[in-house]
Amino acid sequence: MATTPTERTSPPPRLVATDLDGTLLRSDGTLSSRTRGALEAAEHAGIRVVLVTGRPPRAVPPLLKTLGPHFVIAANGAAVHAPDGTVQRTRPIPAGEAAQLVARVRAAVPGVSFAFEYDTDFAHEAAYPSWSYGEDAVDLIGPAEELLARPPGHPMVKVLAHHPTLALDVFHDQARRAAGARAETTYSTGLSLVEFSAPGVTKASTLIEFSRGLGIGRDEIAAFGDMPNDLPMLTSVGRSYAMANAHPTVLAAAHHRTASNDDDGVALRLEQFVAALDAGR
């Protein structure tokens, strides 16, 4: 996919932030050899690569075994991991605020079930569909109100809500209005699954703060994404890319487009960034 005139006249970014599912990873969840090579070449050229995902902290160690050592912003901005997988910082949701959120959403959307992501553990109601992200995760099962009354003693990074019959756009709209300013509300899959973070916690807010600590401004960042939970990040940086397979709202909001995740769209742009750096030396 060819670059635009604006891209050709812009300096290469100092930092690349990329979503994982539907963006960096192929549809089967694997990392292509071309993309692996492009990530390594970018880091070697001095471009910092940060993985920014909605996946929970318990998913990060197995991810890094596959993708190699990178900083990871997980749980839509609620946790920052070092390249060895250790958690450097969390931006948690207090249990009391989570309980109020659950009550408001349950009252507004009958039939909803809830789950809670902690830094290592996973708690969910019996009706909530569970997906495994690692053998070391501990599943705590019970009514949401009981789970929140006896939390596992770890920071809660995300609340999730699932509805068995409502269409995702309908469910998201109802859940967002019920949550109001008490939480950041988004979604990142085609399932009828809505995700809540603490107020002000998004992929963007944590990425910008992380980059500032490195002396890198938002205009020096290029970001890649495909789903609505990527929108805050894509609209907060100097250069943003929607994957060809992206959600319509992402295609409309991003500055540029690249090839799909199955066609190595991130690698394509990383190779161009590195080539531009090499040409300028």
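Whatever comes next refers back to the structure up there.
Residues numbered from 1 in each chain as written. Predicted model: local features only at pLDDT ≥ 70, side-chain atom pairs only at ≥ 80, totals over all residues. Heavy atoms only, no water.

Q: Teacher, can you tell me more about the overall build of the protein here?
A: If you tally the helices and strands in the protein, you get 11 helices and 14 strands. Taken over the C-alpha atoms alone, the protein extends approximately 60 × 35 × 35 Å along its principal axes. The long-range share in the protein, meaning contacts at least 24 apart out of those at least 6 apart in sequence, stands at 57%. Of the roughly 11800 Å² that the protein leaves accessible, carbon and sulfur atoms contribute 54%. (Helix = DSSP H or I, 4+ residues; strand = E, 2+ residues; numbered from the N terminus. Contact = heavy atoms within 4.5 Å. Areas by Shrake-Rupley, 256 points an atom, 1.4 Å probe, with all protein chains shown as cover.)

Q: Help me understand the packing of helix H3 (residues 33–44) against helix H11 (residues 265–279), please; the structure alone is not making it clear to me.
A: When two helices pack together, their arrangement is captured by the angle between the axes and the distance separating the axes. Packing of H3 against H11 leaves a shortest axis separation of 9 Å and a crossing angle of 30 degrees. Considering their axes alone, H3 and H11 lie roughly parallel with respect to each other. Handedness of the H3/H11 crossing: left-handed. Contacts between H3 and H11 involve Arg 34, Thr 35, Ala 38, Leu 39, Ala 41 and Ala 42 on the former and, on the latter, Ala 267, Leu 268, Leu 270, Glu 271 and Val 274. Grouping the amino acids of the contact of H3 with H11 by side-chain chemistry returns eight nonpolar, one polar and two charged. (Axes fitted to C-alpha atoms, helices over the stretch in contact; angles between N-to-C directions. Parallel < 35°, antiparallel > 145°, perpendicular 65-115°, else oblique. Left-handed = near helix turned anticlockwise from the far one by under 90°. Nonpolar A, V, L, I, M, F, W, Y, C, P; charged D, E, K, R; others polar.)

Q: So what exactly am I meant to see when it comes to the sheet that holds strand S8 (residues 139–141) here?
A: Adjacent strands of a sheet pair through backbone hydrogen bonds, lying either parallel or antiparallel. Read across the open sheet, the six strands follow the order S8-S7-S6-S9-S11-S10; overall the sheet is mixed. On the outer flanks of this sheet lie S8 and strand S10 (184–186), each paired with one strand and no other. If you compare each strand with its neighbour and ignore which way they point, the axes differ by 20 degrees on average. Bridge analysis of S10 against strand S11 (residues 193–197) gives three bridges, and the strand direction is antiparallel. Paired with Glu 184 across the strands is Ser 197, a residue of S11. In this fold helix H5 (residues 95–108) packs onto strand S6 (113–118), strand S9 (156–162) and S11, with an angle of close to 160 degrees to the strand it touches most, S6. (Pairing = 2+ DSSP bridges.)

Q: What's the story with helix H4 (residues 60–67) in this structure? I'm lost.
A: Side chains three or four residues apart in an α-helix point the same way, a direct result of the helix having 3.6 residues per turn. Considered for burial, the residues of H4 that qualify are Val 60, Leu 63, Leu 64 and Leu 67. Along the axis of H4, the buried residues cluster in a sector spanning 95 degrees; they form a single face. Tucked inside the fold, the buried residues of H4 contact helix H2 (20–24), H3, strand S2 (48–52), strand S3 (71–74) and strand S4 (79–81). The first or second residue beyond H4 is Gly 68, which carries a positive phi of 95 degrees. (Buried < 20%, exposed > 50% of the residue type's maximum accessible area, 1.4 Å probe, protein only. Arc of directions from axis to C-beta.)

Q: I would appreciate a short explanation of the pattern of salt bridges in the present structure.
A: Should their charged atoms come close, side chains of opposite charge can pair. Summed over all chains, the structure comprises 13 salt bridges. The partner of Asp 264 in a salt bridge is Arg 26, and the shortest N-O contact between them spans 3.2 Å. Here Asp 264, found in the loop between strand S14 (256–258) and H11, pairs with Arg 26, found in the loop between H2 and H3; they are 238 residues apart in sequence, far enough to count as distant. Since its relative accessible area comes to 30%, Arg 26 is described here as partly exposed. The shortest N-O distance in the salt bridge between Asp 230 and Lys 203 comes to 2.5 Å. (Salt bridge = Lys/Arg side-chain N within 4 Å of Asp/Glu carboxyl O.)

Q: What am I meant to see in the nonpolar core here?
A: A general trend in soluble globular proteins is that nonpolar side chains are found buried together. Ranked by size, the top nonpolar core spans 29 residues in total, and within it Val 105, Phe 114, Phe 116, Met 156, Val 159 and Phe 196 carry the most contacts. The set of elements that each furnish at least two residues to this core consists of H5, S6, helix H6 (144–149), S9, helix H7 (168–179) and S11. The contact partners of Val 159, leaving out residues within four places of it in the chain, are Ile 93, Ala 98, Leu 101, Phe 114, Ala 115, Phe 116, Val 194, Glu 195 and Phe 196. By size, the runner-up hydrophobic cluster in this structure holds 27 residues, among which are Leu 20, Ala 45, Leu 63 and Ala 74. (Core = buried A, V, L, I, M, F, W, Y, C linked by side-chain atoms within 4.5 Å.)

Q: Help me understand the side chain of Thr 202, please; the structure alone is not making it clear to me.
A: In this structure, Thr 202 sits in the loop between S11 and helix H8 (203–213). Of the residues examined, Thr 202 reaches a relative accessible area of 15% and is grouped as buried. Leaving out residues up to four positions away in the same chain, Thr 202 has contacts with Asn 76, Gly 77, Glu 184 and Pro 232.

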